[in-house]
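Structural overview
Here's the letter readout for the chains.
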Number of protein chains: 2
Amino acid sequence: MQSAEAKFNKNSLLLALRRYSSAVCDMEQTILLPSLLRDVPSDEVWDCEAAEESCKDLYSNYLMLKAIRNTVESNLVLLDDHKAKNTALNKTLEPLLVTDPEAIFRFHLRGLFSVMSDLTKKTNSLTDKYMDIIGVANY
Amino acid sequence: MQSAEAKFNKNSLLLALRRYSSAVCDMEQTILLPSLLRDVPSDEVWDCEAAEESCKDLYSNYLMLKAIRNTVESNLVLLDDHKAKNTALNKTLEPLLVTDPEAIFRFHLRGLFSVMSDLTKKTNSLTDKYMDIIGVANY
């Protein structure tokens, strides 16, 4: 059996997961005082059910990016994960799972790859913003 | 950086991908005459855009399961993949990608894990059906 990790390519899911982990690692090593990110508004509107009022600052983004990295690295799928339960979406997908599982496979593979690429960009952008805040030019 | 492959668990995505590859490998080793699967109707209704008339036999399921295994093992995401393009679903997901990327990440992670588990069951079931066809008891 050929290992699923045997090949790497810029469009590889495993490489996208590694790139994200690496970006979060750089972010952690750069952001020595995460508290400086508190109350700094995010350019992007990220929602957060649990803590609406504090959710749009860079600090909450920082925590979210680290939490996702922990899930990526622990490599565990939380099957009872309430955040993954999007009832409307799952209802749309259920019939397809019976009629065309290949399409569902490709949909999630592509989706996971895209969201990892997006989160890697957000992580690098947050690291750059921290450098701006502390007044260090980022070349 | 901790490797994304470092930990394994029954709810691990990487392990689900490996289990699927392994099931398809067993299927290939068992099914020495795939042509025996031609025109044997599948219990399940799997759809296939390209070849509607021939698509509901076990042979087409066999080919589909092998094709997915090749994608899993090559570990490549085809970004212009027409099979992954489900416009209605992507339109539902797009706003979430901006407001709650964590939910999208978990949705796809869980979705990919589920579809791999489902496809592994289908692969094992197809292998069992072949054994029935050739008259070998499968204990």
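Our subject is the structure that appears above.
Everything numeric in this text was worked out from a predicted model, so none of it was measured. (Residues numbered from 1 in each chain as written. Chains lettered and ligands numbered in written order. Predicted model: local features only at pLDDT ≥ 70, side-chain atom pairs only at ≥ 80, totals over all residues. Heavy atoms only, no water.)

Re helix α4 (residues 101–133) of chain A
For α4 of chain A, spanning 33 residues, the distance from its first C-alpha to its last is 47 Å, which sits close to the expected 48 Å at 1.5 Å a residue. Among the 33 residues that make up α4 of chain A, 24 are buried, leaving the element largely enclosed by the rest of the structure. (Helix = DSSP H or I, 4+ residues; strand = E, 2+ residues; numbered from the N terminus. Expected span 1.5 Å × (residues − 1). Buried < 20%, exposed > 50% of the residue type's maximum accessible area, 1.4 Å probe, protein only.)

Here's the deal with the packing of aromatic side chains
Residues and elements named next belong to chain A. Counted according to the given criterion, the structure contains two aromatic pairs over all chains. Taken together, a centroid distance of 6.2 Å and an interplanar angle of 25 degrees make the contact between Y59 and Y62 stacked. Here Y62 and Y59 lie together in helix α2 (residues 58–74), a separation of three residues that amounts to about one turn. The ring of Y59 is capped by R38, whose NZ or CZ atom sits 4.1 Å from the centre of that ring. (Phe/Tyr/Trp six-rings, centres within 6.5 Å; stacked < 30°, edge-to-face > 60°. Lys NZ or Arg CZ within 6 Å of the ring centre and 35° of its normal.)

Focus on the pattern of salt bridges
Residues and elements named next belong to chain A. Applying the stated criterion across every chain yields a total of eight salt bridges over all chains. We note a salt bridge from K66 to E28, for which the minimum N-O separation is 3.3 Å. Separated by 38 residues along the polypeptide, K66 in helix α2 and E28 in helix α1 (residues 13–30) bring together distant segments of the chain. In this structure, the salt-bridge partner of D118 is K122, at a minimum N-O distance of 3.5 Å. Pair noted here: D118 and K122 are both in helix α4, with a separation of four residues, about one helical turn. A single network of salt bridges, built from pairs that share partners, joins E28, K66 and R69. (Salt bridge = Lys/Arg side-chain N within 4 Å of Asp/Glu carboxyl O.)

Details of unusual backbone geometry
Its identity is not glycine, yet D39 of chain A carries a phi of approximately 65 degrees, on the positive side. With respect to the helices, strands and loops of the structure, D39 of chain A is situated in the loop between α1 and α2.

Notes on α2 of chain A
Residues and elements named next belong to chain A. Here α2 spans 24 Å end to end across 17 residues, near enough to the 24 Å set by a 1.5 Å rise per residue. Judged by how many residues are buried, α2 sits mostly within the fold: 13 of 17 residues are covered. Once α2 finishes, N75 follows within two positions and takes phi at roughly 65 degrees, a positive value.

Points about the environment of L15 of chain A
In this fold, L15 of chain A is placed in helix α1. Residues L15 of chain A and M116 of chain A, spaced 101 residues apart in sequence, show a C-alpha to C-alpha distance of 9.9 Å.

Things to note about the packing of α4 of chain A against helix α4 (residues 101–133) of chain B
Orientation of α4 of chain A relative to α4 of chain B, taken along the N-to-C sense of each, is 150 degrees, at an axis distance of 8 Å. Between α4 of chain A and α4 of chain B, the interaxial angle falls into the category roughly antiparallel. Crossing of α4 of chain A against α4 of chain B: the hand is left-handed. Between α4 of chain A and α4 of chain B, the contacting residues are P101, I104, F105, F107, H108, L109, G111, L112, V115, M116, L119 and K122 of chain A on the first element and P101, I104, F105, F107, H108, L109, G111, L112, V115, M116, L119 and K122 of chain B on the second. Looking at the contact of α4 of chain A with α4 of chain B residue by residue, the class counts come to 18 nonpolar, four polar and two charged. (Axes fitted to C-alpha atoms, helices over the stretch in contact; angles between N-to-C directions. Parallel < 35°, antiparallel > 145°, perpendicular 65-115°, else oblique. Left-handed = near helix turned anticlockwise from the far one by under 90°. Contact = heavy atoms within 4.5 Å. Nonpolar A, V, L, I, M, F, W, Y, C, P; charged D, E, K, R; others polar.)

Comments concerning the environment of L14 of chain A
When you line up the elements, L14 of chain A lands in helix α1. On the accessibility criterion, L14 of chain A (4% relative accessible area) is buried.

Describing the nonpolar core
Ranked by internal contacts, the top residues of the largest apolar core, which has 58 residues, are F105, L112 and M116 of chain A together with F105, L112 and M116 of chain B. Elements represented by at least two residues in this core include exactly α1, α2 and α4 of chain A together with α1 (13–30), α2 (58–74) and α4 of chain B. Every residue in contact with M116 of chain B, bar those within four places of it in the chain, is listed here: F105 of chain A together with A16, L17, Y20 and V72 of chain B. (Core = buried A, V, L, I, M, F, W, Y, C linked by side-chain atoms within 4.5 Å.)

So, the side chain of H108 of chain A
Along the chain, H108 of chain A turns up in helix α4. If sequence neighbours within four positions are ignored, H108 of chain A has contacts with L93 of chain A together with F107, H108, G111 and L112 of chain B.

So, a nonpolar patch on the surface
Residues and elements named next belong to chain A. Taken together, the side chains of L32, L33, L36, I133, I134 and V136 make up a nonpolar region of the molecular surface, amounting to roughly 520 Å² of accessible area. Inspection of the secondary structure assignment puts L32 in the loop between α1 and α2. You can call L32 exposed: its relative accessible area is 66%. (Patch = residues over 30% accessible without salt bridge, like charges linked within 9 Å, V, L, I, M, F, W, Y side chains within 5 Å. Areas by Shrake-Rupley, 256 points an atom, 1.4 Å probe, with all protein chains shown as cover.)

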